[in-house]
Every structure is written in structure tokens, then in C-alpha cells.
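A closer look at the structure
Each chain, letter by letter, is given below.
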Amino acid sequence: MIYNFIFGAVIVGIIYGLTQLASGDRYANMTEEEFEAEAKRSSSMGAAIGAVQKIIDPGHRVEYVEQQNRRVEADGAEAGDQPPEDRAAPDQNAKRRH
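Residues numbered from 1 in each chain as written. Predicted model: local features only at pLDDT ≥ 70, side-chain atom pairs only at ≥ 80, totals over all residues. Heavy atoms only, no water.

1. Details of the overall build of the protein
A tally of helices and strands in the protein yields 5 helices and 0 strands. In sequence order, the secondary structure elements of the protein are arranged as α-α-α-α-α. For the protein, the residues scored as buried account for 3% of the 98 residues in total. Summing over all exposed atoms, the protein offers an accessible surface of approximately 9,000 Å²; the carbon and sulfur share of this is 61%. (Helix = DSSP H or I, 4+ residues; strand = E, 2+ residues; numbered from the N terminus. Buried < 20%, exposed > 50% of the residue type's maximum accessible area, 1.4 Å probe, protein only. Areas by Shrake-Rupley, 256 points an atom, 1.4 Å probe, with all protein chains shown as cover.)

Printed below as a string of C-alpha cells:
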């Protein structure tokens, strides 16, 4: 019974979506003021969604900080020094050269 209801809701959603796509450009009949209001509302919603994503997925921030730390270490290296990740295992570097 519940599957029939879900199936019916999906079909109604698809039909509604197709009618919206077929109806044409929704901005065609707007005045300039209505268009500006819609654009402002859409941009604020996009900013809110971006902020929520940053809160939910802090992994991007961690990766960025780690990448910045690697860059600082690489910038502080002298010419001819091994990159920071190669300094940890010098015996493996010797094996690669021979």
C-alpha cells in the first residue's frame, strides 16, 4: 500500500516537473524589479547553503590547512634539500637511486 503511494507521488512529481520545463522561461514575464528580487533571494539562499556545507563538512578546511603547512615547509627548504615527505624515510630514497 505504501509503495503505491510513493510510486504515485513520484509519478505526480515527474509530471509536474515536465510541465514546468515545458512552460518556458520563468523570467520572461518578470519586471526588472521582480527579477532583481528573485536574484537577491537566490543568492542569499546559495550563500546559506554554502555556509551549512562548510559546517557539515569541515574536511575541506583540514585538507587546506595541511596543504598550507606542506607549502610552508617546502618554501623553507634549502636548494637541494629533499621534499618534507622524503625526509622521513631516507633509506627508501637510497633504494630508489640504485
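Past the structure itself, the notes keep going.
2. Quick look at the confidence of the model for the protein
Detailed reading of predicted coordinates is not advised where the pLDDT is low. Of all residues in the protein, 71% attain a pLDDT of 70 or more, and the chain-wide mean is 76. The lowest-confidence element of the protein is helix 5 (residues 90-97), averaging 50 in pLDDT; the highest-confidence one is helix 1 (residues 2-22), averaging 89. (pLDDT = per-residue confidence, 0-100.)

3. Comments concerning a negative patch on the surface
Residues Glu 32, Glu 33, Glu 34 and Glu 36 make up a contiguous surface patch of negative charge. Take Glu 33: it is sitting in helix 2 (residues 32-56). A relative accessible area of 60% places Glu 33 in the exposed class. (Patch = residues over 30% accessible without salt bridge, like charges linked within 9 Å, V, L, I, M, F, W, Y side chains within 5 Å. Salt bridge = Lys/Arg side-chain N within 4 Å of Asp/Glu carboxyl O. Lys, Arg positive; Asp, Glu negative; His and termini not counted. Charge placed at Lys NZ, Arg CZ, Asp CG, Glu CD.)

4. Concerning the pattern of salt bridges
Enumeration according to the criterion identifies 1 salt bridge in this entry. Notably, a salt bridge pairs Arg 41 with Glu 38, separated by 2.2 Å at the nearest N-O pair. Placement of both Arg 41 and Glu 38 in helix 2 is noted, with a separation of 3 residues, approximately one turn of the helix. Since its relative accessible area comes to 48%, Arg 41 is described here as partly exposed.

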